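Structural overview for review
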Amino acid sequence: MNRLTLDDLPLRDDLRGEHPYGAPQLDVPVQLNVNENPYAPGDAVVDDIAKAVADAARTLNRYPDREALALRADLAAYLNGDGGVGLGVENVWAANGSNEIMQQLLQAFGGPGRTAVSFAPTYSMYPEYARDTHTSWVVGRRADDFSIDRAEALRVIAEHRPSVILLASPNNPTGTALPLADIEAIAEASTGVVVIDEAYGEFRRAGTPSALSLLPAHPRLVVTRTMSKAFALAGGRLGYLAADPAVVDAVRIVRLPYHLSAVTQAAARAALAHASSLLAAVDELRAERDRTVAWLRSIGLQACDSDANFVLFGRLPDRHAVWQGLLDRGVLIRETGPDGWLRVSIGTPDEMAAFRTALLDVTGMEEPA
Ligand code: PMP
């Protein structure tokens, strides 16, 4: 039988020539390319997740709680301990990864004749959410230090009047967190929803605030989080948002019924109950991140200050050759960001030692004596 190609199908015109999003999933010893948490959940967490999932399995003939009320209450309580102010179940919404949260936000607030705005370099999925929801996509530039140039941001907002503004803080791939004053200025200048993507929020350095504290004063502000990074639950697929209850009501209109499986809800609640032990590993990763920034600078490279679990470094005359050289030595990092830069996720001390050895070998650079 002849196999079809995409050309044989009535694919939407704007999807022709497009490819599925995603970094290569290669089987190499040291995987530092998709900002995962390198520490697998410990035995106590695994046991509780397994038990919660077994309990859920006994009721899998029934649809799950469509509103995920117990999980949302747990998430609200967690956020109130990390910068949230008086958040309750009505302020929180959950979905399969913050990717799905973002897609739902664009489905509810974007659409034909509407515009979404962000500032690059930033997370490369944002334009795809816009494309998939027929939302016009406008991207301004970040400043040379990858902060947001407030005047430029206000100019872009005034010109395009976006219904959605997407700002990652800490930003991927640069690690840059936004000062609250910049977020407030943008929220005040905009009539749309302003989404602060805090996927890496728990990795922020001491003194870097979360935008959660701004929610009471800015009702069209939305803060998104994920359990994929700090909670070491990337495989569990659980992202969430905190916002005014009206925002939650809006995304509830576009969500698919029963979008969050009973298994997902049970696993996420079990992991959340172990927040303090899971977040202990975050402190180790933050320290390893700061050591990595210092080391990259010590060998003569530039490294961005990072509030996340990765570091953007450069500038390399041929970044692809360095990326490939590392891969040849069993270390997979990410070729992303502006030309000349590469991004390394923070792994275990052993993985970072392998990265350092491979990078010195590939570049011929030397550690200071
Ligand atoms: N936002 C940012 C900035 C990210 O880097 C990522 C993952 N790489 C996500 C959102 C999505 O994460 P998830 O869907 O696993 O929650």
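Model, not experiment: these values are computed from the prediction.

1. Digging into the pairing of strand S4 (residues 136-141)
Inspection of the sheet shows strand S3 (residues 115-120) paired to S4 by six bridges, in the parallel sense. From the neighbouring strand, Ala-120 faces S4, where its bridge partner is Arg-141. Considered for its hand, the β-α-β crossover made up of S3, helix H4 (residues 126-132) and S4 is right-handed.

2. Regarding the packing of aromatic side chains
Enumeration over the complete set of coordinates arrives at nine aromatic pairs. On the basis of an interplanar angle of 80° and a centroid distance of 6.4 Å, the ring pair of Tyr-21 and Tyr-123 is categorised as edge-to-face. Taken together, the residues span a long stretch of sequence, with Tyr-21 in the segment before strand S1 (30-31) and Tyr-123 in the loop between S3 and H4 at a distance of 102 residues. Note on Tyr-21: relative accessible area 34%, which makes it partly exposed. On the accessibility criterion, Tyr-123 (19% relative accessible area) is buried. What links up through ring pairs into an aromatic cluster is the set Tyr-21, Tyr-123, Tyr-126 and Tyr-129.

3. Overview of the site of the ligand
Taken together, Gly-97, Ser-98, Asn-99, Tyr-123, Asn-172, Asp-197, Ala-199, Tyr-200, Thr-226, Ser-228, Lys-229 and Arg-237 are the residues near the ligand. When the free accessible area of the ligand is taken as 400 Å², the share hidden by the protein chains comes to 92%. Of the residues forming the shell around the ligand, the biggest block, three residues, is contributed by helix H3 (residues 97-109).

4. Description of the sheet that holds strand S12 (residues 342-345)
Strands sit in the order S9-S10-S12 across an open sheet of three strands; the sheet is antiparallel. The sheet is open, and its two borders are formed by strand S9 (302-303) and S12, each paired with just one other strand. Across four bridges, strand S10 (residues 310-314) lies against S12 in antiparallel orientation. Within S12, the position partnered with Phe-310 by the bridge is Ser-345.

5. Looking at the sheet that holds strand S2 (residues 92-95)
An order of S2-S8-S7-S6-S5-S3-S4 is seen for the seven strands of this open sheet, with the pairing classed as mixed. One side of each edge strand has no neighbouring strand; the edge strands of this open sheet are S2 and S4. Ignoring which end each strand starts from, the neighbouring axes of this sheet average 25° apart. Here strand S7 (residues 221-226) pairs with strand S8 (residues 239-242) via four bridges, running antiparallel. In the strand pairing of S8, Val-223 is matched with Ala-242. Contacts from H3 reach S2, S3, strand S5 (164-168), strand S6 (193-197), S7 and S8, with the element oriented near 115° to S2. Sitting on the sheet, helix H5 (residues 150-160) touches S3, S4 and S5, and the angle it makes with S4 is about 155°.

Reading the values: rules and limits
- Here the residue numbering is sequential within each chain, running from 1 through the sequence in written order.
- Whole-chain, interface and lining totals are the exception, using all residues; otherwise, since this is a predicted model, local features are given only for residues with pLDDT of at least 70 and side-chain atom pairs are given and counted only at 80 or more.
- Values shown for side chains rest on all heavy atoms present in the structure; no hydrogens or waters enter the calculation.
- Each pair of strands is called paired provided DSSP finds at least two bridges between the two strands.
- For helices the rule is a DSSP run of H or I covering at least 4 residues; for strands it is a run of E covering at least 2, with both sets numbered from the N terminus onward.
- Note on handedness: a crossover is taken as right-handed if, strands pointing away from the viewer, the path from the first strand over the helix to the second is clockwise.
- Planes of paired rings set the category: under 30 degrees apart is stacked, over 60 is edge-to-face and the rest tilted, where pairs are Phe, Tyr or Trp rings (Trp by its six-membered ring) whose centres lie within 6.5 Å.
- A simple rule labels every residue: compare its accessible area, found with a 1.4 Å probe on the protein chains alone, to the largest value its type can have, and call it buried under 20%, exposed over 50%, or partly exposed in between.
- Here a residue counts as near a molecule or strand whenever at least one of its heavy atoms sits within 4 Å of it.
- Accessible surface area values rest on a Shrake-Rupley calculation with a 1.4 Å probe, where residue burial reflects the displayed protein chains alone.
- Fitted lines through C-alpha atoms give the axes, limited to the stretch in contact for helices. The angle between two N-to-C directions lies from 0 to 180 degrees.
- In this description, contact between two residues means that some pair of their heavy atoms is separated by no more than 4.5 Å.

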